[in-house]
Amino acid sequence: MIEVCSVSVLVLVLAVSAACCLGFGFVLQQNAAQKAPPGDFLSPRLLLDLMRMPRWLGGIGLMVVGMALGAVALGRGEISLVEPLLATNLLFALALSRHQTKQPLGRQGWAGLVLLAGGVSAFILAGEPRGGTAIDDPLRHWLIIGVMVGLALLLTTYGKRSRLSSGPVLLSLAAGLLYGVQDALTRVSGERFSAGGLLDVLTSWQPYAVLALGVTGLVLVQSAFETAPLRMSLPALTAAQPLAGIICGVGFLGDRLRTDTGALAWEAAGLAAVVAGIVLLGLHPAMPKGTGTRERLRDFQTQ
């Protein structure tokens, strides 16, 4: 019991630390991305241009640290436990945004904070996420991953067509789905490393898929940050990632949740509260609005 509790506390500390780095990093990235050339939208050139901005590099550095801490947490705990904790990155993003904008938290901020923190707690306490035996059926793996990636591709296609209206939200949802799958494959890579060492990892496809998903998700996120305020993009990203990760965890990684009627009700209520809290916090006036990004994009489109 003591050993289990110590591992859970360690996973909690790692996941919340990762969320802190991710939240701060997202704000710094958006601060820089809104100044990127409009012609770089959904292009790898966007990353090359952003590399010249120190603030963006600082944001990426924080994100890399957050992803590394998250990977360690995923290696020690169930993805169904870690993903809801990573969703609290929005709390840290709001804290930094409040420092920049000097906006008070207000009723909306407190309500979002309570819903997000309460929803995460309710889901974890009711579901009692625990590990199990990973499912060996390759068809099930590819079916779940294929659905997630296919849905992300569909969202990206529609997001590209409507980049001045719903585009940033759709791109952020797509990136969140990819990041959720990336987290699941990161855990698989960690398990392969523990079982067979570095050679076993390098000769499998999962780490290369993690890299490809990470780069693709980064382009989608930066394109969303470039064309819209953080309040339009970060909530969608923060909501989609844990949902996708939990589906992968339960779907093929062997994570188990309580499935009695009462537990399922509280788990559903917890996830609904998380999403509601994310939306409230994401729409908070303290979140950076962006300046002139849409106008520059409209000017670019008319050229």
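Look up a bit, the structure's there.
Since we're looking at a predicted model, the values are computed, not measured. (Residues numbered from 1 in each chain as written. Predicted model: local features only at pLDDT ≥ 70, side-chain atom pairs only at ≥ 80, totals over all residues. Heavy atoms only, no water.)

A. Main features of unusual backbone geometry. The backbone phi angle of Glu128 is positive, close to 45°, even though this residue is not glycine. Along the polypeptide, Glu128 turns up in the loop between helix H6 (106-127) and helix H7 (138-161). Taking the relative accessible area as the measure of exposure, Glu128 reaches 42% and is therefore partly exposed. (Helix = DSSP H or I, 4+ residues; strand = E, 2+ residues; numbered from the N terminus. Buried < 20%, exposed > 50% of the residue type's maximum accessible area, 1.4 Å probe, protein only.)

B. Structural context of empty space enclosed by the protein. On inspection of all chains with the given rule, the structure shows three cavities of 30 Å³ or more. Its volume calculated, the largest cavity comes out at about 50 Å³. If you go around the largest cavity, the residues you meet are Pro84, Gly119, Val120, Phe123, Ala239, Pro242, Leu243, Leu271, Val274, Val275 and Ile278. Put simply, the parts of the chain that give the lining of the largest cavity at least two residues each are H6, helix H10 (230-252) and helix H11 (261-282). Along the lines of polarity and charge, the residues of the lining of the largest cavity split into 10 nonpolar, one polar and no charged. (1 Å grid on protein atoms, 1.4 Å probe; cavity = no way out; pocket = protein on both sides within 12 Å on 5 of 7 lines; lining within 4 Å. Points joined across faces, edges and corners; volume = space filled by probe spheres on them. Nonpolar A, V, L, I, M, F, W, Y, C, P; charged D, E, K, R; others polar.)

C. How the structure looks around helix H5 (residues 89-101). Taking 1.5 Å of rise per residue, 13 residues should cover 18 Å, and H5 covers 18 Å from first to last C-alpha, within 8% of that figure. Listing the buried residues of H5 in full gives Asn89, Leu90, Ala93, Leu94, Leu96 and Ser97. Buried residues of H5 fall within an arc of 165° about the axis and therefore sit on the same side. Lys102 occupies a position one or two residues after H5 and carries a positive phi of about 65°. (Expected span 1.5 Å × (residues − 1). Arc of directions from axis to C-beta.)

D. Geometry of the side chain of Asp183. Inspection of the secondary structure assignment puts Asp183 in helix H8 (residues 167-202). Buried and without a salt bridge, Asp183 has Arg187 as its closest oppositely charged side chain, separated by 11 Å. A distance of 2.8 Å separates the side chain of Asp183 from the side chain of Gln241, its partner in a polar contact. Setting aside anything within four residues of it in sequence, one finds Asp183 in contact with Leu74, Ile79, Glu83, Leu86 and Gln241. (Lys, Arg positive; Asp, Glu negative; His and termini not counted. Salt bridge = Lys/Arg side-chain N within 4 Å of Asp/Glu carboxyl O. Polar contact = N/O pair within 3.5 Å; in protein donor to acceptor, adjacent residues only side chain to side chain. Contact = heavy atoms within 4.5 Å.)

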